[in-house]
Amino acid sequence: MIESGFDRRDFLKVLGWGGAAVALTGCGNTSVQDGKETVVSYVEASDYMIPGVSVYFNSTCTQCEASCNINGRVREGRVLKLEGNAASAINRGKLCGLGQAGVQHHYNPDRVREPLLRKGTSGETITWEAALKLINEKLTGVSGDQIAFLSGSVSGHLKVLLGNYMDSLSSKNHFVYEAISPAVQRAANKKSYGVEMPKFSLNKAKVILSFGADFLGSWVSPVHFSQQYAQFRKGVEGKRGVLVQVESKMTLTGANADRWLAVRPGTEGVLALGLVNALGAAGTALSADVAAAVKDFDKARVTKDTGVSGEHLDKLVALLKERTPSLVLSGNGAEGYAHGSQNAAAINLLNHVLGNVGKTIEAPAVVPFPQMLSANGNSASLKKLNDGMAAGNYKVLFTYAANPVFTAPASMKLADSLNKVGFKVAFAHYMDETAMAADLVLPLDSALEDWGTHIAEYQPEGGQISIQQPLMEKLHANTRGAGDILLALIKQRRAEEYKAFEDYYAYLRTAVLQNKAALGGGAAEDDTFWDETLTSGIVKVAGATTALSGSTAVTAPVAAASDAQYPLFLIPGITANLRDGRHANQPWLQESPDPLTTIVWDSWVEIHPKKAAELGIVEGDMVEVTSKSGSVKAQAYLFPGIHPDAISIPLGRGQSWGRYAKGNGVNPFQILDAVFDKETGELAINETRVQIKKTSKRVIVIKDEGSAGGKQFGRKIAVSVSSNEVDLSKEV
Amino acid sequence: MSVTNLLENWSQFRHFHPVDDKPHDPYKWAMSIDLDTCTGCNACSVACFAENNIPVVGKDKFEHGQQMHWMRIERYWDEDVSNPGGRDFPDQGAQFLPMMCQQCEAAPCETVCPVAATNHTPDGLNSQIYNRCIGSRYCSANCPFKVRYFNWYDYPTDDSVWPAEMNQQLNPDVSVRSKGVMEKCTFCVQRISAAKVTAKNEGRLVHEGEIQTACQQACPTNAITFGNLVDTESRVHKQWEAQRVEIDKDKQEKDEEKGGTDLRGYRILEELRAYPSVMYLERVRESAV
Amino acid sequence: MKDIREDIAWAKINQDVLKSLENPRKLYWVILFAALSIFSVGVGCEIYQYNVGMGVENVNNPHVWGLYIATFIFWIGMSHSGTLLSAILHLMHADWRKPIYRFAEAMTTFSLMTAGLFVMVHIGRLWQFYYSLPYPNERGIWPNFQSPLLWDAMAIFTYLSSSILFLYVGMIPDLAIARDNIHAGWRKKLYTALSLGWEGTDRQWRNFRVTYLTIACFLIPLAVSVHSIVAGDFAMSQQPGWHVTSFPPYFVAGALYSGCAAIITLFIILRYVFRFEEYMTLPILKKTVRLTFAIAMVWTYLNAVEFASVWYSHDQASKDVLIQKATGPFAPFWWGMIFCGSVVPFVLSIKRFQTNIPVLFAVSLLLNLGMWLERWMIVAPTFSHGYYPWTWDHYQWPSIYAWGMVFASFGWFTLLFMIFCKVFPSVSMYEVKEMVYHRKLHAAKGGNNSQGAH
Ligand SMILES: Nc1nc2c(c(=O)[nH]1)N[C@H]1C(S)=C(S)[C@@H](COP(=O)(O)OP(=O)(O)OC[C@H]3O[C@@H](n4cnc5c(=O)[nH]c(N)nc54)[C@H](O)[C@@H]3O)O[C@H]1N2
Ligand code: SF4
Ligand code: SF4
Ligand code: SF4
Ligand code: SF4
Ligand code: SF4
């Protein structure tokens, strides 16, 4: 048993099981002996390292927040390839391109290898001891309110340690930031369904009506949804699922829709309310409140506001009435406006009206360890931090898994705010923009060298804790895991409580074994259970389910007035490969063509051919896109999948670092206006208005699509058939 | 060294399939790709890079059309979209098509290679022998699908492709190709060989599900099915059979009957009689919306 | 007008021709040096390409073949002129060929040697080129006898060796003359060795005639087959725009065409540089020009046949390639080919231009340009617009290295030719003498045709 010094409740808190709603049996029999356990070396010969024979280790993908379970192929001590863990309820053996590029994150030649201390404008290598000592010094005499920690979404034991560390500093300033997140939706869902992230059963729906939710590309848990999508296409009761996508800029999901409805930017909510109205008119029962709320949204108005034709509306209503259950989704396309929350509420209302709640919108399983549950990032938190920094509130700032200098709009003036922070510590994989602005850079282990536990925000079936374990020995001697760094830091404050843990691994092992029974370990030996846990890479727990409860209240979404000087909407593209740009230095992702434009290695401005003709723009023209907050120049690409009132530039390019990222394209985050969602305070990423000007320069657009421009000239290469001509239920 | 030697070897390396006196037995590797579930996500293409040591050529070389992706995802718009008089928007979405070597049974690339560096295996693969290739590029010139990729540069020695550390990711089961040789999708032959060796050691045949190609394995929507067409238990066999697609025909039942046949299996450019080993299933679009 | 003056003394013929072997004029050195410089540009390009990779040609997928192949066909075509003049016209007893066939025959050899270089610089692994030869080996690995490229390699090799043999055999009597007229130095040794003890005896002449005729007979089908096989590289493929049955005759006609055009060019240059006005006479030029015009019309006809058969076939892909040629980004080159190949030759049909040297010089260059464009228009458009629309690439443009090598090939050819002209008699002395002798005798005998000339 762990020695005295702190009591059992503290211990549970330390280990992250605090508040667990399960019986903690068997915790008296820990095998941890003063943290002496060491990790077996992965390169020293051992029986699973037979030259020429591959071995596979299960771990967790950290390339995005979906926390898919991976199965890494290791040979001669080197990880070669990542595949999906078939036992995972999230990804069932599958992996997206971004996830596979995890090996290029690990082997990346531009990784930071040593702790670096700022010396004027350059960095100087220092030792870990010196770095940690320096942090301790800088924290001494600084009150908790003056310390802030900015991280991306975190869950599992890292979140626990981080929380405990902040606690030890008496700081409550943990800001969880994601530049791109479903934050508006969480809030809307909370209101509509009583939970932030319900379970969306795509595979049970006969119709999916998605308002800008790119669930096949970058939304929430794309690999999981892609599999469900495949089942949905094969059909429920032999009837192939129908996908209708409503958005102003075609996403990958939109490209797969049976009907893609180009909606005037920001009017998704109007369309949703119009549909409710039309459904009511078609006989669907509406409550009095709802009927009152939608009564103004008649067909004429909806058609006028949204640009969606009456014919399409009628067909859609008929389809939704005829085929139930359906599933209506709201995503970034609809939510990135100042009235984003209103849009989301209106869209969610459709699920209530169509009776989908409880059928395709289900109560999620909740992993019964609240302390470990994911702290989900949003952009409102960055604004809060920024305001605080600008006011000079912070003396010390830690950053981890976030690159706000790159992702914050220039209009937020984050760089100026950062200058007011006395000492900035960046936990970093690369010398990205934020690391460059830091005073001290702590080099991190790659995700394939580190230990961890993750609980995905989106839990598909039951609950599961994903285990992250090193797939190989560290590539660089002087990098450290985030958990190890936090452990070292917390030991500076609470040495006594944490002295039992030599490293984060020991901490994690102890933590898991403490809850062996609750985690399904039964009476197994500790070592056996631990080995089994690492072997499977997944701990499935009986997830408690909360009932759905929700309101149908909506307020009519009001779009911002148009702006004569900046007539176009800038809808930043969120692509599956690049997202917010943190993985842009992985060459597979740079060279993997954007699915819709097939452009590689560069940014582009999507513009509708009609609009382009109006402005005299042809493919490859360098155009200057100017908003109130700045301007960028990029090549024009004529793209029919965008509303003529909008243009789109993909996010994630335009870095100033990394041999594969630097110099490729522009960063549209920079020119976003500081407009926020009225209810949640999230940055309204689609709300920026721009004007577009042709420059005298023209370039060759580097893309996979050839001179034929995606036409087949009747050669029957990619063939389509109408659903009434085939019967999928007869197929193998 | 004699004429006999020449003649013997000659008959050895020219396998024509399918022929009646030499049916595929016991293996014939084939695929089917469901375009209705393929979402165009590119996961397969990245997986192929990871599995097969494909070089990332970089921006400049991509600009010159020298990219190497053995698996490319093509994106098509309907013909009338944004044409004068056509629809303004692609309101039935786009269409994606994963395209890689179709492992033709009567491969146009094979007959023209002057050194027989690309030829047919008894289990129906179009194989590529890098060591033998002199880089004439005739094979690519004659491939109707243009899925052969030439090493225009020496990528293994190019520091931007596999710099230190990055090179540790290379798959030791797959050779790294030097400049001047042709390459293309192999149906992940290294995985096939490994499974065949295992099966042989165990005195059995490779069974269904034992081999997954890297693209198939990654594909989040299971759009790709791979297997042994000879094995009646295999999914690929069942799919081909259900769609009435026969490998040695250039016209299938579906083409012969007008109107709805409930069949959506087809092979691309079938009329050229290359007899591809990849069957595609047509994308479906809902008629009610 | 007679083809050449009939009263040139035999001694003068020897003297004039042998003079071309001596004391190079300054102009000769200028040309030689220029040729060398031009050639070295190509050597530089090739060294760079060899080290870096084929990518420097700016070829890509789908344009896997580029300028090298186009230029290869061009030079192979060029080589047909020699065979036409020396073998075909020999068999047809067209005497006017006699003063000019030697250099044409040399042209054949050197164009083949130039063409061969393009095969070499084209292949990705030059250092393994011998894999394409059926050499005996322990592993029992043979090349692929099904591949037209292999037939190509063999046909060209056979053609080259036969052409060298033909050139050499035809030169033996002249080499003996040179031997007998030169008294010391390396030339004496060279000519002595090469003339194989030629004494001009009856028996030697008899054997010589038979040998020469035999090789000529052998060479003609070979020449036809070589360019048919080169055509086969395309026609045997399955690609739209290439899979055309009329390609072999079309290629042969094109070859003869470009060969004739090149003969006119070289005729004019040699006539001027070596002062061969006496032998390379205007009447001979006129005959060559008329022959060229005839071939131009054959070529034009075959072109029309090809277009028509594509147009009226049901092969949409081929038709698309044709339309693309005429209207796409390659259109200026394609129409340039039509103009140079089918319109410009009408100048040759106008009598007063048939002996106008400046006009003929310009026209012959245009015809050659047209013929080069023809080859390029065979190769590139099909790649840019094949069966598979996704891979269409209408905007491929060769790199300066590729152009550098094409440019350099002219230097290489000139270099070989200039050296040849200084080492070997580029006008056949014994045959010119036959012409002179023949006619004098004829006159003396009072126009009795039944008497043999010998
Ligand atoms: N894991 C494993 N171990 C094995 C075997 C196996 O298959 N697997 N095989 C076993 C067998 S069969 C054998 S024979 C042994 C071989 O074991 P070693 O004899 O250790 O063989 P090598 O690894 O070839 O190392 C010989 C060393 O000699 C150096 N060397 C090369 N030429 C010369 C020279 O001219 N002079 C000098 N002084 N040094 C030179 C080489 O650089 C190298 O460092 O290994 C045995 N051990
Ligand atoms: S969806 Fe996210 S977690 Fe899953 S494989 Fe892709 S990048 Fe990794
Ligand atoms: S697809 Fe092309 S490369 Fe593959 S076998 Fe067929 S012809 Fe050959
Ligand atoms: S490139 Fe290689 S494989 Fe292709 S035809 Fe030439 S030698 Fe054969
Ligand atoms: S079968 Fe293998 S080699 Fe072919 S595309 Fe798929 S992953 Fe690549
Ligand atoms: S991974 Fe699957 S769904 Fe994605 S592009 Fe490839 S085949 Fe299509």
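The following refers to the structure shown.

Residues and elements named next belong to chain B. In the vicinity of ligand 5 there are 13 residues, among which C48, N52, C185, C188 and C215 approach most closely. Those elements giving two or more residues to the shell around ligand 5 turn out to be helix 2 (43-52) and helix 7 (214-218). Taken together, the residues that form the shell around ligand 5 break down as 10 nonpolar, three polar and no charged.

Let us now look at the interface of chain A and chain B. With 102 residues of chain A in contact, the opposing surface of chain B contributes 88 residues. Taken together, the two surfaces of chain A and chain B that pack against each other cover about 7900 Å², and 54% of this comes from carbon and sulfur. Looking at the side of chain A facing chain B, the largest losses of area belong to A:W588, A:E591 and A:V732, adding up to 9% of the total buried there. Our enumeration of links across chain A and chain B arrives at 13 salt bridges. There are 62 residue pairs in polar contact (both at pLDDT 80 or more) connecting chain A and chain B. If you tally residues by element for the side of chain A that touches chain B, the top one is helix 7 (residues 222-234) of chain A, at seven residues. Pairing of strand 28 (residues 720-722) of chain A with strand 11 (residues 283-285) of chain B, which is carried by three bridges, proceeds in the parallel orientation. Bridge pairing in strand 11 of chain B links A:S720 to B:R283.

A word on the sheet that holds strand 9 (residues 207-211) of chain A. Sheets are built from strands that pair by backbone hydrogen bonding, the pairs being arranged parallel or antiparallel. All names here are of chain A. In space, the four strands of this open sheet follow the order 11-10-9-12, with parallel pairing throughout. One side of each edge strand has no neighbouring strand; the edge strands of this open sheet are strand 11 (259-262) and strand 12 (326-330). Averaged over all pairs of adjacent strands, the angle between their axes in this sheet comes to 10°, without regard to strand direction. Note that strand 9 and strand 10 (residues 242-247) share five bridges and pair parallel. Within the sheet, the bridge partner assigned to F211 lies in strand 10 and is V246. Those strands touched by helix 12 (residues 310-322) are strand 9, strand 10, strand 11 and strand 12, and its axis lies near 135° from that of strand 9. Against the sheet, helix 14 (residues 340-353) touches strand 9 and strand 12, its axis set at about 170° to strand 12.

Calculation rules
- Residues numbered from 1 in each chain as written.
- Chains lettered and ligands numbered in written order.
- Predicted model: local features only at pLDDT ≥ 70, side-chain atom pairs only at ≥ 80, totals over all residues.
- Heavy atoms only, no water.
- Near = heavy atom within 4 Å.
- Helix = DSSP H or I, 4+ residues; strand = E, 2+ residues; numbered from the N terminus.
- Nonpolar A, V, L, I, M, F, W, Y, C, P; charged D, E, K, R; others polar.
- Contact = heavy atoms within 4.5 Å.
- Buried area = accessible area lost by both parts, 1.4 Å probe.
- Salt bridge = Lys/Arg side-chain N within 4 Å of Asp/Glu carboxyl O.
- Polar contact = N/O pair within 3.5 Å; in protein donor to acceptor, adjacent residues only side chain to side chain.
- Pairing = 2+ DSSP bridges.
- Axes fitted to C-alpha atoms, helices over the stretch in contact; angles between N-to-C directions.

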